[in-house]
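# Observations on the three-dimensional arrangement
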Amino acid sequence: MAKRLFLFIFCVFLLLPIIFFAKADELDDITKQLDSLKKDLQDKESNFQNLNNQLNEIKAKVTFVESEIVKKEEEVRIGEEALAFQRGLLNERARSYYKNINKNAISIVNLLTAENLSDSLQNFFYQKTLVDQDRNTITRIVLYIRDLETKKEELKSEKSRLAVINEEVDRQTQALAGEITTTKGKIAELSAKQQEIINARSGSFTVNIGDSELADDYYASITGFREAAPGGYFGAFSFGAYTHRKGMSQYGALGRAQIGQDHRAILRAYYGKDPENRDTNGNIRVAENGEIDFETTYLYGIAEMPSSWHTEALKAQAIAARTYAYRYKQEGKEICITERCQVFRKSKSDNPPAAWKQAVDDTKGQVLDGVVTFYSSTAGGYLTTSGWDTTDGSGGSNFIDKSYEKTGGSPWVYKSWYTQSYSINSDKCGRSNPWLSPQEMADIINAVMVMHRSGSGADTNRVTPTSSCWGGNPYSIDELRSASQSYGGGINSASGVVVSQGNGTTNQVTFQTDKGEKTMSGAEFKKGYNLRAPGRLSIPQSGFAFFNIEHK
């Protein structure tokens, strides 16, 4: 038995290098295929350019021939309009010719028998001249008709040959363009496979978003993007709203409460501690309100969570709000009444909703010892203080589906932002949606190149939105493209994207562009996007980058 176990372990050790190197070889093999395809694409694009130049020359010649055909068609049209007259003239001249030639024959007889030879000769030559004129006219008309028929036949032949040439030109163009598209598709497929292997080794992943995520604004949701955005467009979607990603997610707390967790379990999940009882009686100094009772006036007026939410979520919020303010009370400091601290409204305090008042009363005196209880609406499924806020505590490509924030129905768990604030009715700087055209995305990539590759070689102060609501002296799209040329930019259009995610961070973004692949870190892209994106488009996160780029 021991001998068999030894042989098994020995075989495993022999096989491990083979398994490892097989994986390494797979990546090397893909890289080689990718390099080969890219060279093939360059060759095809070069051939395409050469063929395009030749085709343009052919098209120029075709255009000239077409103009000549138009002239010939006009000549034929005019000729055909005159043909009826010419045929009538031909008949008239033929009759005249027949009549005059007979007269000319009679004139010869008269000439031979005439007494006055001089008059007879004069009459004879007059008749002969008429005959010659008729004959010449008849000949000219017959030649005109024959020439017109020849032109019509030539025109028919030229148009037929021209149609064949145009068809062949189109076929050649489409065939080569099709080959290039196929090659680009293979490159994208291999790039994705390459990224999959790199992700597997580095612990990162590519997120997979379902169709059910509907934000508070249809056009800002993934559903709206997939249904209504034009083909080829991009959308930058944030995981979470305006957030620092610390402490408790309020929508996460609601999701946890909805599946049966009580407020203690919720607090343990976000802060790692259970609440303890403290003497919280007395007053607290509140901006614009002076000293007021801590429990029954200040806490009743906390306006941070809808009172209609689940009781256990409200209790967790009450304890978090009490703990946050308790240190101000202890130290005798004044607490502000805005989001910079936590929102307090005197009107709510004077008439507190029953559910919220009950949550405060039921948890009176309970605080979390030694914790600064930060919280925010929606953190995007990951918190820096507690990790993945998901049902299995892990990330992965489907982490949004597993997030408690989605269970709680957050409208901001996965959203593309283009408004000035949370409200969908706030200023949009003239934009009706947050989608970006291939050219607009190329402009943002050029901005990233200038911001992070140029050092002091470009005027980075001009990397601001071109939208009128921001003012200043921004680069125009053409100017920024030119300024970024020396730093790997100069991009006209983006055609695809691959995004790699990590633990609550967007690691890397790779765009396919008309100037090849452009790779940057998530932080670099976020900075360039927030500086250059048009209108009010933004990734509204503080101190980190956790987003995805969708491409249709």
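See the structure shown above.
The following paragraphs examine the structure supplied in this document. Note that residues are indexed from 1 along each chain, following the sequence as it is written. Reporting of local features is limited, given that this is a predicted model, to residues whose pLDDT is at least 70; pairs of side-chain atoms are given and counted only at 80 or more, and all residues count toward the totals for whole chains, interfaces and linings. Remark: hydrogens and water are excluded; side-chain values derive from all non-hydrogen atoms of the structure.

## A word on the nonpolar core
Among the nonpolar cores identified, the biggest contains 48 residues, and Met248, Tyr271, Ile284, Val286, Tyr298 and Ile335 are the most heavily contacted of them. Put simply, DSSP marks the helices as runs of H or I at least four residues long and the strands as runs of E at least two long, and each gets a number from the N terminus on. Counting only elements with at least two residues in this core, the list comes to α4 (250-258), α5 (263-271), β4 (283-286), α6 (294-298), α7 (311-331) and α9 (354-362). When residues in this core are grouped by element, the largest group, 11 residues, is from α7. Any two residues whose heavy atoms approach within 4.5 Å are treated as being in contact. For isoleucine 284, the contacting residues outside a window of four places in its chain are Gly290, Glu291, Ile292, Phe294, Tyr298, Ala325, Tyr328, Lys329 and Ile335. Among buried residues, the Ala, Val, Leu, Ile, Met, Phe, Trp, Tyr and Cys ones that are joined through side-chain atoms within 4.5 Å form a nonpolar core. Partly exposed residues are those whose accessible area sits between 20% and 50% of the maximum for their type, while under 20% is buried and over 50% is exposed, using a 1.4 Å probe and protein chains only. Among the nonpolar cores identified, the runner-up in size contains 26 residues, and Phe234, Ala533, Leu537 and Phe547 belong to it.

## Concerning the pattern of salt bridges
Only one rule defines a salt bridge in this text: a Lys or Arg side-chain nitrogen within 4 Å of an Asp or Glu carboxyl oxygen. Within this structure, the stated rule accounts for 18 salt bridges. When the shortest N-O distance is used, the salt bridge between glutamate 331 and lysine 333 registers 3.1 Å. The closest approach of N and O atoms between arginine 481 and aspartate 478, which form a salt bridge, is 2.8 Å. Placement of the pair is arginine 481 and aspartate 478 together in helix α13 (residues 477-483), with a separation of three residues, close to one helical turn. Since its relative accessible area comes to 22%, arginine 481 is described here as partly exposed. When salt bridges that share partners are traced, they join Glu276, Arg278 and Asp369 into one network.

## As for the pairing of β4
Here β4 shows one buried face, formed by Ile284 and Val286, and one open face, formed by Asn283 and Arg285. With four bridges connecting them, β4 and strand β5 (residues 290-293) associate as antiparallel partners. Among the inter-strand pairings, valine 286 is bridged to a residue of β5, identified as glycine 290. Here the rule is simple: two strands pair whenever DSSP picks up at least two bridges between them. If you look at the hairpin formed by β4 and β5, you'll find three residues sitting between the two strands, and glutamate 288 has a positive phi there, around 70°.

## A few points about unusual backbone geometry
Phi is positive for arginine 245, which is not a glycine, with a value near 60°. Positionally, arginine 245 belongs in the loop between β1 (234-238) and β2 (248-249). The class of arginine 245 is buried, set by a relative accessible area of 2%. Phi at glutamate 288 takes a positive value of approximately 70°, unusual for a residue other than glycine. Here glutamate 288 lies in the loop between β4 and β5.

## As for the state of the cysteines
Should the sulfur atoms of two cysteines be covalently bonded, the bond is a disulfide. By disulfide we mean two sulfur atoms from cysteines, separated by a distance within 2.5 Å. Throughout the structure, instances matching the rule amount to two disulfides. Disulfide pairing places cysteine 336 opposite cysteine 341 at an S-S distance of 2.0 Å. Judged by the sign of its S-S torsion, about 120°, the bond between cysteine 336 and cysteine 341 is right-handed. Paired through a disulfide, cysteine 429 and cysteine 469 show a sulfur-sulfur distance of 1.9 Å. Here cysteine 429 and cysteine 469 share a disulfide; its torsion about the S-S bond, -105°, makes the bridge left-handed. Taken together, the positions of cysteine 429 in the loop between α11 (404-407) and α12 (438-453) and cysteine 469 in the loop between α12 and α13 put the pair 40 residues apart, joining distant regions of the chain. When its relative accessible area of 31% is taken as the criterion, cysteine 469 is described as partly exposed. Disulfide connectivity for the protein chain, with bonded cysteines indexed by sequence position, reads 1-2, 3-4.

## Overview of the sheet that holds strand β12 (residues 516-521)
One key point about sheets: their strands pair by backbone hydrogen bonds, in either a parallel or an antiparallel sense. Spatially, three strands are ordered β10-β11-β12 in an open sheet, and the strand pairing comes out antiparallel. Since the sheet does not close on itself, it has two edges, and those belong to β10 (494-501) and β12, each with one partner. Adjacent strand axes in the sheet meet at a mean angle of 15°, parallel and antiparallel pairs treated alike. Pairing of strand β11 (residues 506-513) with β12 involves six bridges; the strand directions are antiparallel. Bridging across to β12, glutamine 508 finds its partner in serine 521. Set on the sheet, α12 makes contact with β10, β11 and β12; between it and β12 the angle comes to about 55°. Under this scheme, a helix contributes an axis fitted over its contacting stretch, all axes are lines through C-alpha atoms, and angles between N-to-C directions fall in the 0 to 180 degree range.

## Here we look at α7
For α7, spanning 21 residues, the distance from its first C-alpha to its last is 31 Å, which sits close to the expected 30 Å at 1.5 Å a residue. A maximum bend of about 30° is found in α7 at alanine 325. Among the 21 residues of α7, 17 are classified as buried, and the element is accordingly described as predominantly covered. In the segment just after α7, glycine 332 is the residue with positive phi, at about 70°. A helix's residues, less one, multiplied by 1.5 Å, set its expected span. A residue's bend is given by the angle between axes fitted to the 7 residues ending at it and the 7 residues starting at it.

## Re the packing of α7 against α9
Interhelical geometry of α7 versus α9 gives an angle of 60° and a closest axis separation of 8 Å. The angle between the axes of α7 and α9 places the two elements in the oblique class. Here α7 and α9 pass one another in a crossing that is right-handed. In contact with Leu314, Lys315, Gln317, Ala318 and Arg322 of α7, α9 contributes Ala355, Trp356, Ala359, Val360 and Asp362. In the scheme used here, Gly and all other residues not listed as nonpolar or charged are polar, with Ala, Val, Leu, Ile, Met, Phe, Trp, Tyr, Cys and Pro taken as nonpolar and Asp, Glu, Lys and Arg as charged. Residues that form the contact of α7 with α9 fall into these classes: six nonpolar, one polar and three charged. Here the word oblique covers every angle except those under 35 degrees (roughly parallel), over 145 (roughly antiparallel) and from 65 to 115 (roughly perpendicular). We call a crossing left-handed when the near helix sits turned anticlockwise from the far one by less than a right angle, and right-handed when that turn is clockwise.

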